[in-house]
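Given next are the chains, with one letter for each unit.
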Amino acid sequence: MQNNELKKIYWNDIIDSPLFTAIAQEHIEDMIDYLDGTIKKYKKNETIIHVGDEFRRCGILLDGSLEVSYDTNRFEKHNVNHFYPGQIFGESLALKGIPHSPVQVSALTDSIILFIDLRKLMLSTDRCNKNCLYNHQLILNLMDRMAEQNIFSNLKLRILGQKSLRDRIMIYLTHLHADNPAGAKIPFSQTSLAEFLGVNRSALARELGRMQDEGILTINNKTYRIL
């Protein structure tokens, strides 16, 4: 399927991306063309970016789900984050033009991604054409997204800095509960949650069981509620 056909199919998903907030719909297509937008399809379990690959473009996930991870020196996989439709990934690495990616990006399901070249936003105004009219707003949206990512990175550092497994669990769940007091849905499988928290899966399962027995939390499918 050609790029333009995919763009039409996923147009509503594209314009709803936070990267294009406050940009008129009639200008979004021009912006995508200006940023050399390309839509690509990936099969489940396909590696999109390998560790060591060039990371020149950020992606907007239009369909499917992705996992960003890396292997430790002991060849243990460490889950950095999962991404779902509408979310943006790789913006910092792409802006910096990293020649050797420190992470791997894989498709957890069949996925469709719009890749764009953010470095064009850094062109001087005398090299800009009519497609640069919304550069300022796009940069503001990008700054907002990168601020969110910085907050998330600080959360991850705080979690990994805890010696107690229960403290790691509680910090993460408390963060999720701030926006979902009725119960937070974990966006990971328990295996991926263990990787995200940097703990052994069996140890995580035992600790979650103890926390339920002690009346600290309830778990219903993937929804966790602190009591």
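Just so it is clear, the model here is predicted, and its values are computed rather than measured.

(A) Local environment of the environment of Gly59. For Gly59, the location among the structural elements is in strand S3 (residues 58-63). When the C-alpha positions of Gly59 and Ala178 are compared, they lie 28 Å apart, and in sequence the two are 119 residues distant. Setting aside chain neighbours within four positions, we find Gly59 in contact with Gln87, Ile88, Phe89, Ile113, Leu114 and Phe115.

(B) A look at the sheet that holds strand S10 (residues 217-220). The three strands are arranged S9-S11-S10 in an open sheet whose pairing can be described as antiparallel. Whereas interior strands pair on both sides, the edge strands pair on one side only; in this sheet they are strand S9 (184-185) and S10. By the bridge criterion, four bridges tie S10 to strand S11 (residues 223-226) in an arrangement that is antiparallel. Its bridge partner lying in S11, Ile219 is registered against Tyr224. Contacting S9, S10 and S11, helix H6 (residues 165-177) runs over the sheet at an angle of about 95° to S11.

(C) Quick look at the pattern of salt bridges. The tally for this structure, following the rule as stated, stands at nine salt bridges. Lys7 is paired through a salt bridge with Asp33; the nearest N and O atoms lie 3.3 Å apart. In this pair, Lys7 sits in helix H1 (residues 3-9) while Asp33 sits in helix H3 (residues 25-34), placing the two residues 26 residues apart along the sequence. On the basis of relative accessibility, which here comes to 43%, the residue Asp33 falls in the partly exposed class. Among the ionic pairs, Glu214 bridges to Arg166, the shortest N-O distance being 2.9 Å. Within this pair, whereas Glu214 is found in the loop between helix H8 (201-213) and S10, its partner Arg166 is found in helix H6, the two being separated by 48 residues in sequence. Look at the salt bridges and you will find they share partners, linking Arg166, Glu207, Arg210 and Glu214 into a network.

Scoring rules and cut-offs
Residues numbered from 1 in each chain as written. Predicted model: local features only at pLDDT ≥ 70, side-chain atom pairs only at ≥ 80, totals over all residues. Heavy atoms only, no water. Helix = DSSP H or I, 4+ residues; strand = E, 2+ residues; numbered from the N terminus. Contact = heavy atoms within 4.5 Å. Pairing = 2+ DSSP bridges. Axes fitted to C-alpha atoms, helices over the stretch in contact; angles between N-to-C directions. Salt bridge = Lys/Arg side-chain N within 4 Å of Asp/Glu carboxyl O. Buried < 20%, exposed > 50% of the residue type's maximum accessible area, 1.4 Å probe, protein only.

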